[in-house]
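# Structural overview
What follows is the residue order along each chain.
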Amino acid sequence: MKTKFALIVILSFNFIAYAQFNGTYGVSVNAVYNTSASIYLSPNSSDIFLRNNSFLIENFFNPSIDFRYRLSESIIVGFNTEYMVTFSTGPNLTVFLGNSTVTIDVEDGFRLFPLELSAYYLLPFSTEHFKFLMGGGIGYYIGSHIRKFGDVEVSNVERKAAYGIHVSLSIDYLIRDFVSVRGEMKFRDPQFTVKSKYSKQEVNYNGGVIRLAQDSFDSKINVDGVTFILGFAFHF
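Reference entry: report on the structure contained in this document. Keep in mind it's a predicted model, so treat the numbers as computed, not measured.

### Some thoughts on a nonpolar patch on the surface
- On the surface, Tyr25, Tyr69, Leu71, Ile75, Tyr121, Met134, Leu169 and Phe236 cluster together to form a nonpolar patch covering roughly 770 Å² of accessible area.
- Take tyrosine 121: it is sitting in strand 5 (residues 100-122).
- Judged by relative accessible area, which is 30%, tyrosine 121 ranks as partly exposed.

### A short note on the nonpolar core
- In this structure, Ile39, Phe60, Met84, Phe110, Leu112, Phe192 and Val223 are the most contacted members of the largest nonpolar core, which totals 14 residues.
- Mapped onto this core, the elements with two or more residues apiece are strand 1 (25-40), strand 2 (54-70), strand 5 and strand 10 (191-198).
- The dominant element in this core, judged by the number of residues it contributes, is strand 2, at three residues.
- Apart from the residues within four sequence positions on either side, isoleucine 39 is in contact with Asn53, Ser54, Phe55, Ile57, Asp108, Gly109, Phe110, His145, Lys220 and Ile221.

### Side note on the packing of aromatic side chains
- Summed over all chains, the structure comprises twelve aromatic pairs.
- Considering the side-chain rings of phenylalanine 125 and phenylalanine 132, the 5.3 Å spacing of their centres and the 50° angle between planes classify their relative orientation as tilted.
- What makes phenylalanine 132 partly exposed here is its relative accessible area of 25%.
- Note on tyrosine 140 and tyrosine 163: the rings are 5.2 Å apart at their centroids and 50° apart in plane angle, and the pair reads as tilted. Here tyrosine 140, found in strand 6 (residues 130-148), pairs with tyrosine 163, found in strand 8 (residues 162-176); they are 23 residues apart in sequence, far enough to count as distant.

### Concerning the environment of leucine 123
- Inspection of the secondary structure assignment puts leucine 123 in the loop between strand 5 and strand 6.
- The spacing of leucine 123 and phenylalanine 113 is ten residues in sequence and 30 Å in space, taken between C-alpha atoms.

### Regarding the pattern of salt bridges
- As enumerated under the stated definition, the model contains eleven salt bridges in all.
- Across the salt bridge formed by glutamate 184 and arginine 68, the nearest N and O atoms sit 3.4 Å from each other. Placement of glutamate 184 in strand 9 (residues 179-188) and of arginine 68 in strand 2 is noted, with a sequence separation of 116 residues between them. The exposure classification of glutamate 184 matches that of arginine 68, with both residues buried.

### Thoughts on the side chain of asparagine 92
- For asparagine 92, the location among the structural elements is in strand 4 (residues 84-97).
- Separated by 3.0 Å, the side chains of asparagine 92 and aspartate 108 make a polar contact.
- In this view, asparagine 92 contacts Leu41, Phe55, Ile104, Val106, Asp108 and Arg147; residues no more than four positions away in its chain are not counted.

### Notes on the pairing of strand 11 (residues 202-205)
- Only one face of strand 11 is covered, namely the face carrying Val203 and Tyr205; the face carrying Glu202 and Asn204 is uncovered.
- As paired elements, strand 11 and strand 12 (residues 208-212) share four bridges and run antiparallel to each other. When the sheet's bridge partners are listed, asparagine 204 is paired in strand 12 with valine 209.
- Connecting strand 11 to the antiparallel partner strand 12 that follows it, the hairpin turn spans two residues, and asparagine 206 within it adopts a positive phi of roughly 55°.

### Observations concerning unusual backbone geometry
- Despite not being glycine, asparagine 59 has its phi angle at roughly 55°, a positive value.
- Within the fold, asparagine 59 resides in strand 2.

### Overview of the pairing of strand 13 (residues 216-222)
- Buried residues dominate strand 13, accounting for five of its seven residues.
- Note: strand 1 against strand 13, three bridges, orientation antiparallel. The partner of tyrosine 40 across the bridge, within strand 13, is lysine 220.

### Regarding the environment of lysine 131
- Along the polypeptide, lysine 131 turns up in strand 6.
- Look at lysine 131 and you get buried, because its relative accessible area is 0%.
- Sequence separation of lysine 131 and serine 180 is 49 residues, and the distance between their C-alpha atoms is 9.5 Å.
- At a separation of 3.1 Å, a polar atom in the side chain of lysine 131 contacts the main-chain carbonyl oxygen of glutamate 128.

Definitions and cut-offs
Residues numbered from 1 in each chain as written. Predicted model: local features only at pLDDT ≥ 70, side-chain atom pairs only at ≥ 80, totals over all residues. Heavy atoms only, no water. Patch = residues over 30% accessible without salt bridge, like charges linked within 9 Å, V, L, I, M, F, W, Y side chains within 5 Å. Areas by Shrake-Rupley, 256 points an atom, 1.4 Å probe, with all protein chains shown as cover. Salt bridge = Lys/Arg side-chain N within 4 Å of Asp/Glu carboxyl O. Helix = DSSP H or I, 4+ residues; strand = E, 2+ residues; numbered from the N terminus. Buried < 20%, exposed > 50% of the residue type's maximum accessible area, 1.4 Å probe, protein only. Core = buried A, V, L, I, M, F, W, Y, C linked by side-chain atoms within 4.5 Å. Contact = heavy atoms within 4.5 Å. Phe/Tyr/Trp six-rings, centres within 6.5 Å; stacked < 30°, edge-to-face > 60°. Polar contact = N/O pair within 3.5 Å; in protein donor to acceptor, adjacent residues only side chain to side chain. Pairing = 2+ DSSP bridges.

As structure tokens, this is what we get:
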């Protein structure tokens, strides 16, 4: 019985060792697809409806680069960074037009730099060509709000970076000894708050002049969708 148990252990370790990437280091260049993000335009309102009301942006892409280092036969650590920028048009701003108030369409969006540190476990059912990994880690997120309309400029005067956690599942298919195609699905929920300021109060908009109700505004941005990643990884 002990002999059979020892044989099973040895075969298991041999299988895990066989299912490794070639090389200690890895770098990948990726295309990232995010299903959705929400922009809360009145996050500090006393009205719960306004506070929880959000402007939804869906289906946007961004690039990323990922660095990984193999600590052992089954444990890998990695660092990932992205450049995320997207915006969409919606009726998100109420202004003064003469003696009345109107709601106008503006382009609202955000710019975000995720910096994420992860640890991955190489799953034991990986094969010579298919590498399955389960991972998780922490992230540091630096972002800004983008708003465009008329001839006014909007600048972020206060911003708070955010921290968060994430989990992921990924698969690498080795097409060569040191090159693989990588697919990954990541779950995360980064959110950050921003205070923005307009460059002026009266704005030329669609051939007329509108007056802004306030010279600054607060917003909260939450990238709350699922993230899908596809790229090429190089192992050395």
